[in-house]
Amino acid sequence: MVRNYKRKTDRGHTSEDVMERAVKIIINEKCSYKSVSDDFNIPVKTLSRYCKKYINNSEIFKNSVGYTKPRQVFSLVEEEELANYIKKAADIYFGLSPKEVRRLAFDYASYLNKTNIPKSWSQNELAGEDWFTGFKKRRHDLSIRIPEATSLARASSFNMVNVNSFFVNLKTVLNRYNFGPGDIYNMDETGITTVQKPNKIVARRGFKQIGRITSAERGTLVTLAFAVSALGNSVPPYFIFPRVHFKDHFIAKGPLGCAGSANPSGWMKETHFIDYLKHFVSHVRCSKTKPVLLLLDNHDSHLSIEGLNYSKENGITILSFPPHCSHKLQPLDRSVYGPLKKYISSAFDSWMVNNPGKTMTIYEIPEMVKQALPLAATPNNITADFMPSYVTDRPFNIETENQQDPLNQTTEELNTDLILCTSNQAYNTQELESNSPVIQQVENIVVSIPAEASTSNTQNQKIIAKSPEDIRPLPKAGARKQGRQHPRKRCTAILTDTPEKDKLEAKKKCQKTQTNTANKKSKKIKSLSSSSDDEDAYCLVCCESYSSSRANEKWVSCVKCKKWSHEDCKTGEDRYICHHCESDDESFSDE
């Protein structure tokens, strides 16, 4: 079969309307075939053939003009359904590979009871490669792409509920302070290593293994904190080096106005976040009379009580993103950090070429960032998209629907706030009561209609066309288990508000108390273990080990030999002396 056939003539391109009008002129007005052929540019034999067909069947012009495709398995409507299923599966992070598409095509053709299924499809139980090639050419909205690995946490957290809560908080803050585009900043961290990802190179054809020099096998990570405003401006970057002490020469070649700090891990901690806030205030010049809004994620380092107090004193309102949603809601992740990593890799390649035999260190990273940041953090990239996961949308809960919205917002108002959101939220309508409203979706807008109207409309509906989803339903998670939520899981919140800050402070005090209790217990266990020659301590009376003791069971130490016994096993004296030490004292006194 010819894969790339090109037509050499324009025959068979006459439309149905033109052909029908020409035939009716010949029959009704008694015109000659030659004159009509010249007027409509249609061959005489073709006109003669369609005139005979029209006399026998007046509906001949519907889907029968031009060359037919006898080997085409699916109609245009069926291929449209197949393409929509493929795109929807890719949108919910369960995309199909080319082989899976071919297998789905065979199952779909069998489900439709197609009589013209090729024998090779039935033998292999999947469509042929030629069909897939032609299908991809006919569907210009489909292409083969390499997917990006997306964790289940990101796929499940980016849903309508979390994003809706974030936009409600954002609307609250904007109405409270009337922030302008230049007063809204986004801040996020990213890691830069000393081992670059090499760019593509031109090499000899036929060789698959082509190398490019890097400084090491595994690089050392330096954290970069960066903030941009909705107007396109940016704050100089802040570096965190994996060193115990920070020296000024670390950032001597870095961007103008940059700052830095250090800790052994190279990750941002609460103390560094406070330093970054001071760096942010020194460049933004914000105050209580000139407040700004800072959007960031829920990392533990951003929940510093001292940092939140400093933010309130300097007019910074901090709003956090929902957990695991920054890849969609954070502009830095969307359009700045990707180009930045690409330009940094190019700068690393140039440095390795110009410095043969040398190894890239963390002290060259600020210089590379200085070259790459102006190219990546452009106003177009900064000011430069959104679909929650369909897979983990849970069944609709009636109790939550009947609860009153704390902001008294209607469904229409919430949808107006979420113009960027194109949700495919699915609700379980089987559990709805007869008098409860039915939730339907029309063009990605959730509309509530009475149950009676939906019942009458259902009766008048025509037969729904068969879809590939009937034979291969899209994956769907079950209902959530009712139980205690993970204690570390957070949601979007206005962190600088007093109620939220008080909750964080109480939580940190509780964590500190638990940490101190655990440290005391570990010290006690360590002292008990070190008091014996073995790894465990044993009671001098009942010989039971400390590791086998019950919870909250008290132990006491002999004041002389410093060995341990159960408090219940000792005598009633306040000053405990074990029976071994008492026997030694008695024998010494007898002598």
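The structure under discussion appears in the preceding block.
I will try to describe carefully the structure that is included in this document. Once a new chain begins, its residue numbering starts again from 1 and follows that chain's sequence as written. Whole-chain, interface and lining totals are the exception, using all residues; otherwise, since this is a predicted model, local features are given only for residues with pLDDT of at least 70 and side-chain atom pairs are given and counted only at 80 or more. Values shown for side chains rest on all heavy atoms present in the structure; no hydrogens or waters enter the calculation.

1. Observations regarding the pairing of strand E1 (residues 184-193)
We count it as follows: Here's how the labels work: a residue is buried when its accessible area is under 20% of the maximum for its type, exposed when over 50%, partly exposed in between, all with a 1.4 Å probe on protein chains only. Runs of H or I in DSSP of at least four residues are treated as helices and runs of E of at least two as strands, each being numbered from the N terminus. Strand pairing requires that DSSP identify at least two bridges connecting the strands.
In terms of burial, E1 is a largely internal element, eight of the ten residues being buried. As judged from the three bridges shared by E1 and strand E5 (residues 292-296), these two strands associate in the parallel manner. Looking at the pairing, Ile 184 lines up with Leu 293 of E5. Both E1 and strand E2 (residues 221-229) contribute to a ladder of nine bridges, which runs antiparallel. Bridge assignment links Tyr 185 to a residue of E2, and that residue is Ser 229.

2. Thoughts on the pattern of salt bridges
Put simply, the rule is: We define a salt bridge as a contact between a side-chain nitrogen of Lys or Arg and a carboxyl oxygen of Asp or Glu at a distance within 4 Å.
The final tally for this structure, using the stated rule, is nine salt bridges. Linking Lys 24 and Glu 20 is a salt bridge whose minimum nitrogen-to-oxygen distance equals 3.1 Å. With Lys 24 and Glu 20 both in helix H1 (residues 16-28) and four residues apart, the pair spans about one turn of that helix. By relative accessible area, Lys 24 is classed as partly exposed at 32%. The class for Glu 20 is partly exposed, based on a relative accessible area of 24%. Of the charged contacts, one joins Asp 141 and Lys 87 as a salt bridge, the two residues approaching to 2.8 Å between their closest N and O atoms. Placement of the pair is Asp 141 in the loop between helix H7 (129-138) and helix H8 (152-157) and Lys 87 in helix H4 (residues 76-91), with a sequence separation of 54 residues. Since its relative accessible area comes to 39%, Asp 141 is described here as partly exposed. Within this structure, Glu 80, Lys 87, Arg 139 and Asp 141 form a network of salt bridges that share partners.

3. Thoughts on the sheet that holds E2
Rules: Axes here mean lines fitted to C-alpha atoms, for a helix over just the part in contact, with angles spanning 0 to 180 degrees between N-to-C directions.
If you trace the six strands from one edge of the open sheet to the other, you get E4-E3-E2-E1-E5-E6, paired in mixed fashion. Unpaired on one side and paired on the other, strand E4 (259-262) and strand E6 (316-320) mark the two borders of the sheet. Looking at each pair of strands side by side, their axes are set apart by 25° on average, direction ignored. Here five bridges tie E5 to E6, and the two strands are oriented parallel to one another. Looking at the pairing, Leu 296 lines up with Ser 320 of E6.

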